[in-house]
Each structure stands twice: as C-alpha cells, then as structure tokens.
Amino acid sequence: MAAAPAVGTIVLAWALLERPVSWPGFLLAALLALAPTVPRGARSLVTVAFVATMIALAALFHTWPPIALTDAWDALHDAPAVKAPFDPAAFPALHGLVALAAFGLALAAALAVSGLRVGVLVATVAVGVGFPATLLEDDHAYRLGALALGAVLWAAVVLRATRVRRLVPALGVGSAVVVAAAAAASGGLAPGETHVDWRGWDPFARGGSTSAFRFVWDANYAGITFPPRPTVLFRVRAPKRAQYWRASTLDTFVADRWIENLYPVGAGTASGSLPADPLVPRRDVKPGAWLRQQVTVDGYRDDHVIAAGVPARIEGRSLGRVSFLSGGVVRAASPIGSGTSYTVWSYAPEPGPRALAASPARYPAAAARYLRLDRAQFPGYGAPARARRVTRVFDDDRYEAIWAYRPLWDDATRITARARSPYEATLLLERWFRDDGNFTYDEQPPLPRGQPPLVAFVESTRAGYCQHFAGAMAVMLRMLGIPARVAVGFTAGTWRDGVWTVTDYQAHAWVEAWFAGYGWLTFDPTPGRGTLSAVYTLASDSADAVAALGTGRFLDFDQVPRDRPRGQPTPAVTEAPQQHGIAWWVVAVPAAPLVAAALLVFVKWARRARRLRRRDPRQLALGVRAELVDELVDRGTPVEPDATTASLQRTAERVLAAPCGPLAAALAEARYGPAETADSAARRARNELRRLLSFSRSQEQPGARLRRALSLRSLRPGLTSSAR
C-alpha cells in the first residue's frame, strides 16, 4: 500500500519516454517491483527481489538473463543518439533498457519502503522520476514532480499510521503541499528555462554537465569568459585524423568586425548532395575520398549544422527542413535539439605543401567577394601593379572606413616580402601571429583606445583571443590579394574508441584561405592551436611545409623560444545571454517535505500561542491542559479526552520524568476554584507548564525532539475537544 504510488510514478515517468507506450512491459515491471514488499523477513525479501530481477531481464528482452544483460549494455551505448520520446517498435532493445531502468528504480523504491527507509525512498523517487522528466517535453515535468511528491508523502504517512482514520488529516496536509508545489512549478518556474538539460546525455562521454549552449558567431572583441567546467556539446564518430568542426563562416568585414553574411543557395530536407559550390573545384570528383562523420548532438543548441571541411552530402532527416547557404554552411529551421543525430560527408582535401606552393595565383569571379574589406575591393595576389593599387585605396575618400587599417597592410607587405607564392605568404603571416610577432593569448585583452579593435591588437596590445588572431590574419590576407574568411566552430576535441567528444572549451575561430585547385584550406594563427596531428601539414608548425617549399629555414623553428607561455584553449564565440538554473524538481522534491514540516511546526506554534493568550482564566486553564495533553500524545502516550486532573498528573510525571504537582494544583484551582483566585491560578498554571516543558525538552535527544515536533498525533480530532 505504501510502495504502490512511488512504484507507479517511477514506471509512468519512464514509460512516457516512448510514443506510443508499450504498456505490457511497463506493467510487468511495476508488478515485479512490488513483489518484494509481500514477504516478511530479509532472506525472503532478497530471494523474491532476485527472482523478480531475473524474470524482468528475460521478459523485457525476450531472451535469457545473461544475454539480456549484454543487450542492455549495447542499448545503453546507443541510447544517447535517440531522441525521446521514441518508437519502441523501431528500437526494441532500447525499449527493454528503458523498462529495465524503470523496474530497477521502482524495485529500489519498494525495498526502501520495506525497510522503512523514507530518506532512501525520497532519493530513489527523485532520481527515478527526475531523470526521465528532463528527457521529456517540458509540459510533463511539473506533473511528474507533483506525482512524485505525493507518492513520497503517501508512503511516509502510511508507514507511520496505525489506523486508517489517522491518514485523513495527514493526507490533507500532504495534498495541499503537492498542489502548492505543482502550482509554483507550472506558474513561476518554467521548466523550459530552468531545467537541467540531460537530453542526449551520454554516460560514456567525457565532460561536465550538458546544459544547452547558444552561440553568437559574429566576431566579438570585448572579452570572453568560460564556465568553470566543460560541457559536452556533441560527439562525432569519424576517423582518428583531427579536424576543425565548422559551424559557419564570417565572410564579410564591415564596421570593424567580421560578420556572417551568407546568401541562400538552396533549401529542402537534409538528405542528399549539397548544391554545387564554384569555389570547391574538386568536391564531387571523388566521393569515395570524402570524410564521413556521424554527429550526435548533446548540449549544443544552435541552428548551424556542424561538419568538417566543406560539406558535400548529408543524411539527417531528423534535422527537419534546412537551408543551404554560401560557403557550404547548412542551417536548420530551428535549433538542433539534444539527441539529434545526422551523417555528413565532407570535402576535406589533404594536399602536400609542395602542391600548395605550386598553386597559381588564379582566382575565379566567385572569389572576388573574399577580397573585399568594407566597400574596398582589393586586387588578387600577383596582379600587375597591385601594391600601387592598394595604396590608392588608402587615399580614396570612398574607402575612408578602412583607412585606419593601413598599418596592417604595411605589416603584411613587410612580413611576406620574401614570399614567392600565395601559400608561402599565408604561412609567413600565420607564423608571425603564432610565434614571431610576440603575441599573447588573453581572454580579457585591454580595450582599444582610439583605434579599431584589430588595429589595436596588431599594432599596440599584441594580446587577444582567437577572434583577434583569425580576424586580423584574414584582413591582412585579403589586403595581400589572397581570398580569405574567418571560420567559426570547434577544434577536434578528445578522440576515444572512434568518437571525438567536443565540449564548449573547444569553441574556436580560425582562418580559411582559398587556393586554386583545392578550394578552402585551414590555417590557424592563434598560439596553441593548429598542431592537430602528424598528418596535418597545412599549418606553419609542420616541418614538412618548410622542407617542401625549398626555402631553407625561413620559418626558423629552432629559434622560437619554447619557454614562452603558449596559448590556452580559445573560444570562437560569445555565449549568448541566457538564464541558468537547475531543474525545478531538484529543488521541489527535497524542499517540499521541509516546507510541509515547517508548516506543521507553524500550525502547532500558532495554536499554542492562541491557547496560552486567552484572557478568561477558565479558558486559559483549558488551554494549558490541552497543551499538556498534546505534549504527552506527541510523545506516543495516549490520553483520554475526559481524563481527570489527578490522572493527567500521574501520566505526565511518568512520561516527562518531572514533578507535576504544582501544575496540577494550579490547574485544579483555576478550573474549579473561586472566581477571585482563578485568574492568578491560571497564570501560575501557564508558567508551570512552560517550566515543565522547558525542562523536559532539554533532556530529549535531538532525534526524539524532531519526531515530537513533527508528530501528527496531537492534530487528531476529538483529542482535547473541551480545549479546542
């Protein structure tokens, strides 16, 4: 009787993870979980629990228990990739796992009731209902919380009650608490804004909590702050070759910053090849060489689809309708929810340095927009008289908005003076930011004074984070006539068992430069980034690049002071303002009993104060007697409502272990003595009661005092009817 509501609530919470619900499995789980509450004795209880567990394993997975355990383990690995609610017919093993989890937690609740462990019951119900509640839509959360609270209160009351009629007042108070908690949860604490998002939680992933993050991808130079613990955003099943996971590109430089200004090239479902990109010349030549990635979203909540390199094909109908934008960027119609999984094939070229050094400075018309800064169009690398043409830009009133960036042009021409190809110029510039320029990584760089942020970064402070480094390098590349843009997303993350786990700590910005015959290639000027793997040879940290260029030691690897502090993991984005909170049920479940206890103590205190402040001496004497009776009853001693004063004195002296003669004499005089002495006798009785109770309570153990304070016995109707 005590365990049934808790077991039913836990099983219901887990059953709601399915749509439609396969009820037979969950009903069987509930009945098996209740089985151990029937027998008496620890040995019988353990035996029944073991037998029930074996039956549950065999019935839920339709196989022998040892094989069922293996199936449950496999389903546990696959569970994070499935979004709740799910179709049990499509995922039979996952149905078995969910029903088994419901059975296990319900069994724990039943055993807690059998062992009279209310505290264990509260914890079990909190986990058993709270975890699936966060996986469901928000409109289920407070209803399940109300049921959980009611189930716990019910069990606590039933276990304490010896008669059914004693349940009535307790259940009345409990119901009021449940209704109040549900109303507060539905009206003042919107679960969608404050719940801990465990959707997509993976017990095998590395990282901290998985609260949803939103990102602002446009450039920001005002400083960044990371949370104290990393949050797993997504996981990628891909080969063990480190990649940058790109979310978008910032292709337009205007008003002193880089912004996402992409134009649509198509729309539809996320299934099939992406629209052709004129700046990716070999994307569709060898589909077999594409990089395949299976992405599963956890805490990442954004409409940009994550992929490596330039996406070529995608299969992800769970993304819904998507837009295909310029630069190979894919955006969903709504933020991608936790648990969403999709597969994408990317064009991720791996040209060697020798091939890139031979790439000609030949740029198609589509690349022209990547040589523009604000309204100024820069000539391509190697164009005739390009130095004079660039100089004229800084003297033309039409381009006054970029005049402040002339120092960056001067630095770019000086740094790349020895370059013989666009690739060599890009490496020299990248290397200057990473090592030779004495830049430092700083998440809270000094604010610029009288200069645009990137100009101040390069010419004055030499301190910034990835958006400073990538933004400045892209500006200088465009001035040099090399098509460039800022890419934003995440670095590779941590690889284990074929899966890359990426957290918010990997958020980053880097540079993509365009080369004839290969398209967009990645370069990273931020200190501490770019050395992705042994086969990654595009960054200037690669000794292969130096050897292939045949330019001796122009990158001067051995001369770089290695004791200089390296950069730290760098973010690409600013976390959007959002409300942080914890699940309402995490607060409500433990707080509700405390609120109920506080309410009970307040009710008793208010009644005591009303009784002992009566002006009429006869009524005050009745109040003193009623308080004495309630004190005895709350200590577990029954008292008849019509007990005489002498009988009450004997009972009080036995229970309170203190002489009660003065109190009994004062009560008798106040109730039955002359009217002229009744007033002083009643006040004397009140003082004697306070002294007696103060002494008695000082002798109590803390546990006994708490049980007395929370006892409901004194609230029983008819106990001291004459004093009420």
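Structure's up top.
Chemist: Got a minute to help me understand the pairing of strand S18 (residues 484-490) in this structure?
Modeler: Here is the key point about a regular strand: its side chains alternate between the two faces of the sheet. By the criterion of burial, S18 is predominantly enclosed, with seven of the seven residues buried. Two strands pair when backbone bridges link them, and strand S3 (residues 245-250) and S18 are joined in this way by five bridges, in the antiparallel orientation. Its bridge partner being in S18, Thr249 is matched across the sheet by Ala487. Relative to strand S21 (residues 507-515), S18 runs antiparallel, the two sharing seven bridges. In the strand pairing of S21, Arg485 is matched with Glu512.

Chemist: Could you clarify how one ought to interpret the sheet that holds strand S10 (residues 310-315) in this entry?
Modeler: Within a sheet, neighbouring strands are paired by backbone hydrogen bonds and run either parallel or antiparallel to one another. Read across the open sheet, the seven strands follow the order S7-S10-S13-S8-S2-S20-S19; overall the sheet is antiparallel. Across the chains shown, the open sheet's two edge strands, defined by having one partner strand only, are strand S7 (271-273) and strand S19 (494-496). Taken over all neighbouring pairs, the strand axes of this sheet differ in orientation by 30 degrees on average, direction set aside. Sheet analysis places strand S8 (residues 291-297) next to strand S13 (residues 341-347), joined by six bridges and oriented antiparallel. Bridging across to S13, Val295 finds its partner in Tyr342.

Chemist: So what exactly am I meant to see when it comes to the pairing of S13 here?
Modeler: Most of S13 sits out of view: six of its seven residues are buried. Pairing of S10 with S13 involves five bridges; the strand directions are antiparallel. Residue Glu315 lies in a different strand from S13, and its bridge partner there is Thr343.

Chemist: Mind showing me how you'd approach the nonpolar core here?
Modeler: In a soluble, globular protein the nonpolar side chains are often hidden away together inside. Counting 95 residues, the largest nonpolar core has Phe234, Trp245, Trp258, Tyr300, Phe433 and Phe490 as the members making the most contacts within it. Broken down by element, this core gets its largest block of residues, eleven residues, from helix H15 (residues 466-480). Apart from residues no more than four positions distant in its own chain, Phe433 is found in contact with Phe439, Phe457, Val458, Phe469, Ala472, Met473, Met476, Pro525 and Pro527. In terms of nonpolar packing, the next biggest core, distinct from the first, is built from 50 residues, Ala52, Phe103, Val113 and Ala155 among them.

Chemist: Help me understand the environment of Glu512, please; the structure alone is not making it clear to me.
Modeler: Mapped onto the fold, Glu512 is located in strand S21. Measuring from C-alpha to C-alpha, the distance between Glu512 and Ala484 comes to 5.6 Å, with 28 residues separating the pair along the chain. A polar contact is formed between the side chain of Glu512 and the side chain of Arg485, at a distance of 2.8 Å.

Calculation rules
Residues numbered from 1 in each chain as written. Predicted model: local features only at pLDDT ≥ 70, side-chain atom pairs only at ≥ 80, totals over all residues. Heavy atoms only, no water. Buried < 20%, exposed > 50% of the residue type's maximum accessible area, 1.4 Å probe, protein only. Helix = DSSP H or I, 4+ residues; strand = E, 2+ residues; numbered from the N terminus. Pairing = 2+ DSSP bridges. Axes fitted to C-alpha atoms, helices over the stretch in contact; angles between N-to-C directions. Core = buried A, V, L, I, M, F, W, Y, C linked by side-chain atoms within 4.5 Å. Contact = heavy atoms within 4.5 Å. Polar contact = N/O pair within 3.5 Å; in protein donor to acceptor, adjacent residues only side chain to side chain.

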